[in-house]
Structures are given as structure tokens and as C-alpha cells.
Amino acid sequence: AQKVTQAQTEISVVEKEDVTLDCVYETRDTTYYLFWYKQPPSGELVFLIRRNSFDEQNEISGRYSWNFQKSTSSFNFTITASQVVDSAVYFCALSEALNTGFQKLVFGTGTRLLVSP
Amino acid sequence: EAGVAQSPRYKIIEKRQSVAFWCNPISGHATLYWYQQILGQGPKLLIQFQNNGVVDDSQLPKDRFSAERLKGVDSTLKIQPAKLEDSAVYLCASSLAVGGPKSYEQYFGPGTRLTVT
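Read on for an overview of the structure. (Residues numbered from 1 in each chain as written. Chains lettered and ligands numbered in written order. Predicted model: local features only at pLDDT ≥ 70, side-chain atom pairs only at ≥ 80, totals over all residues. Heavy atoms only, no water.)

We now examine the sheet that holds strand E3 (residues 19-24) of chain B. Residues and elements named next belong to chain B. Here we have four strands laid out as an open sheet, ordered E1-E3-E8-E7, and antiparallel in their pairing. Unpaired on one side and paired on the other, strand E1 (5-7) and strand E7 (65-68) mark the two borders of the sheet. The sheet shows a mean angle of 15° between the axes of neighbouring strands, direction not considered. Bridging between E3 and strand E8 (residues 75-79) involves five bridges; their strand directions are antiparallel. Within E8, the position partnered with Trp22 by the bridge is Thr76. (Pairing = 2+ DSSP bridges. Helix = DSSP H or I, 4+ residues; strand = E, 2+ residues; numbered from the N terminus. Axes fitted to C-alpha atoms, helices over the stretch in contact; angles between N-to-C directions.)

Right, dumping it as C-alpha cells:
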């Protein structure tokens, strides 16, 4: 079965520091998708990025960047020059193919990021 | 564009009582999901609808949980009777139909926090 491991339970940094959130996954599917979601204190999960398994290009969006390495089954997320507003729980998720032809998401346990001023 | 709407936001009930949650997805989103998020854990998929048909309900405790999506738009999730371990946040999400470039990008509502005493 699919599995997502986020070994870092909580990370604390000071504003302007760079921080990397780790995500390691296990899958039996040959084609799959990886996601990152942010859950601020308000509770609503916010979609950040989707990456498919045959596209290993790293992606950068502003202060956010993602490093996908199929060889190590990792999809790490880096925030550059962190800000207090980045404080949230971040979830990595992996798609799982269903017998119906659809996909469902399997989430990791999340990493709580605390950015202090 | 309006996001995913959920109500109520909070609910406190006693064990063995029943409760219902409502979700209205983003307009045009054919796929609707209900997740259970227990404190400190990632969301766990309970049931997934494609229009008004069930795609996956393998993790739905069917002896006490039920869900429907009449007319392929709004959905309700019911628990009857509730147990203490049902205390969690119940998240609804929606996504565009399968096949397009944005398929599998799920957009979440604010959730309903259920406390069972």
C-alpha cells in the first residue's frame, strides 16, 4: 500500500532562515502524483503543488521550491527566507490508484513549522 | 470563485447521538471527498464521489457512517450513533473531473470540528 513518511514532527526557525521539510514515499504504482498542502491555524488545507512521477524537474515558486528525486523516493519542500506567515502544518500526499480507475490521496502525518520573529 | 462550503463549523454531541455534516463543492467540480482528520494526524479519506456515484468508500465505517451526494452537487455525511473516537475534524474537498491537467488537485473546505463527549 502507499505510504508517506514525514519524519519531522515539528520544526522551529527564526524568521529569514531557510527551512526544508522532508517527505519520503512508498508506492506500487508506476505512475503517481505527489502533493504538498499547507494547513494554517484556521484549519483549511491549501493546495501548494502537484508533481507527476515522470517529471523530475525541480520547481520554484517565489520563496517555495520543491526537489523531487525518484531514486530516493523523496519530494522535499524548501521555504527560503521564512516568514511568520509560513507557520502552519505542512502535509505531503501521494496518489494511490483505485480499482475503479480513479485515484485517491494518502497523506503523511504532517510537519508543524513554527517561524518566530 | 467561491470555495468549498461546509456547515456547521463546530458540533458537540454526546456519544450514541447522531450528527450530520453538509458540504457544497466548488461549482463545476465533479469529484467530492470526505476526510476525517484526527488531532495530530493527516487527513484520512472516508468516501469519494464522482458526480453522484461512489468511487471509493473502503475506509468508511459503514455500520455507523453514511454519505450521499444527491444530484451530484451537495453532499451530507452522517454518523449514527457517534462514538468517542469519532471526535475529529471532518473535511470536505472537491476537484475537477478526472483527466484534465488539474484533476486530482483537491480544494478543501474549512472543516467541521466534531467533539463527542
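Backbone torsion omega between Ser7 of chain B and Pro8 of chain B reads -10°, so that peptide bond is classified as cis. Within the secondary structure layout, Pro8 of chain B lies in the loop between E1 and strand E2 (10-13). Following Gln80 of chain B, the chain continues into Pro81 of chain B via a peptide bond in cis, with omega recorded as -5°. Position of Pro81 of chain B among the secondary structure elements: in the loop between E8 and strand E9 (88-95). With a phi close to 50°, Ser73 of chain A is a non-glycine residue in the positive phi region. Summarising the element assignment, Ser73 of chain A is placed in the loop between strand E8 (64-69) and strand E9 (74-79). Unlike most non-glycine residues, Ala81 of chain A shows phi in positive territory, near 50°. Note on placement: Ala81 of chain A falls in the loop between E9 and strand E10 (88-97). The class for Ala81 of chain A is partly exposed, based on a relative accessible area of 31%. (Buried < 20%, exposed > 50% of the residue type's maximum accessible area, 1.4 Å probe, protein only.)

Here we take up the interface of chain A and chain B. Every contact between the two is made by 20 residues of chain A and, on the other side, 26 residues of chain B. Both sides of the chain A and chain B interface together cover about 1,800 Å² of buried area, and 58% of this is carbon and sulfur. Of all residues in chain A, the largest losses of buried area upon contact with chain B belong to Arg50, Phe102 and Lys104 of chain A, amounting jointly to 27% of the total for that side. The interface formed by chain A and chain B holds one salt bridge in total. For Asp56 of chain B, the salt bridge is made with Lys104 of chain A, and the minimal N-O distance between the two is 3.9 Å. At the junction of chain A with chain B, the criterion picks out three residue pairs in polar contact (both at pLDDT 80 or more). (Contact = heavy atoms within 4.5 Å. Buried area = accessible area lost by both parts, 1.4 Å probe. Salt bridge = Lys/Arg side-chain N within 4 Å of Asp/Glu carboxyl O. Polar contact = N/O pair within 3.5 Å; in protein donor to acceptor, adjacent residues only side chain to side chain.)

Core analysis: the biggest nonpolar cluster contains 23 residues, and Trp36, Phe77, Tyr90 and Leu113 of chain A have the highest contact counts within it. Counting residues per element, this core draws most heavily on E10 of chain A, at four residues. If near-sequence neighbours (up to four positions away) are discounted, Phe77 of chain A is found in contact with Val19, Thr20, Leu21, Trp36, Leu48, Tyr64, Ser65, Trp66 and Tyr90 of chain A. In this structure, Phe21, Trp34, Leu77 and Ala88 of chain B belong to the second largest nonpolar core, which totals 21 residues. (Core = buried A, V, L, I, M, F, W, Y, C linked by side-chain atoms within 4.5 Å.)

As a further point, take the side chain of Gln6 of chain A. All names here are of chain A. Tracing the sequence through the fold places Gln6 in the loop between strand E1 (3-5) and strand E2 (10-14). When its relative accessible area of 4% is taken as the criterion, Gln6 is described as buried. Gln6 has contacts with Asp22, Trp36, Tyr90, Phe91, Cys92, Gly108, Thr109, Gly110 and Thr111, leaving out every residue within four places of it along the chain.

Another point: the environment of Arg51 of chain A. Residue and element names in this part refer to chain A. With respect to the secondary-structure elements, Arg51 resides in strand E6 (residues 46-52). Its relative accessible area of 6% is what places Arg51 among the buried residues. Separated by 24 residues in the primary sequence, Arg51 and Phe75 place their C-alpha atoms 9.0 Å from one another. Ignoring sequence-local partners within four residues, the contact set of Arg51 consists of Tyr32, Tyr33, Leu34, Gln57, Asn58, Glu59, Phe68 and Phe75. Polar contacts involving the side chain of Arg51 include one to the side chain of Asp55, which spans 3.0 Å.

Here we come to the state of the cysteines. Counted by the stated rule, this structure contains two disulfides over all chains. Between Cys23 of chain A and Cys92 of chain A runs a disulfide, and the two sulfur atoms are separated by 2.0 Å. Note on the Cys23 of chain A and Cys92 of chain A pair: the S-S dihedral is about -65°, so by sign convention the disulfide is left-handed. Remark: Cys92 of chain A occurs in strand E10 and Cys23 of chain A occurs in the loop between strand E3 (19-21) and strand E4 (24-26); sequence separation between them is 69 residues. Taken individually, Cys23 of chain A and Cys92 of chain A each receive the classification buried, so the pair is uniform in this respect. The disulfide bridge from Cys23 of chain B ends at Cys92 of chain B, spanning 1.9 Å between sulfur atoms. Judged by the torsion about the S-S bond (-70°), the Cys23 of chain B/Cys92 of chain B disulfide is left-handed. Here the residue Cys23 of chain B occupies a position in strand E3, and Cys92 of chain B occupies one in strand E9, the gap between them amounting to 69 residues. We note that Cys23 of chain B, like Cys92 of chain B, is buried. (Disulfide = S-S within 2.5 Å.)

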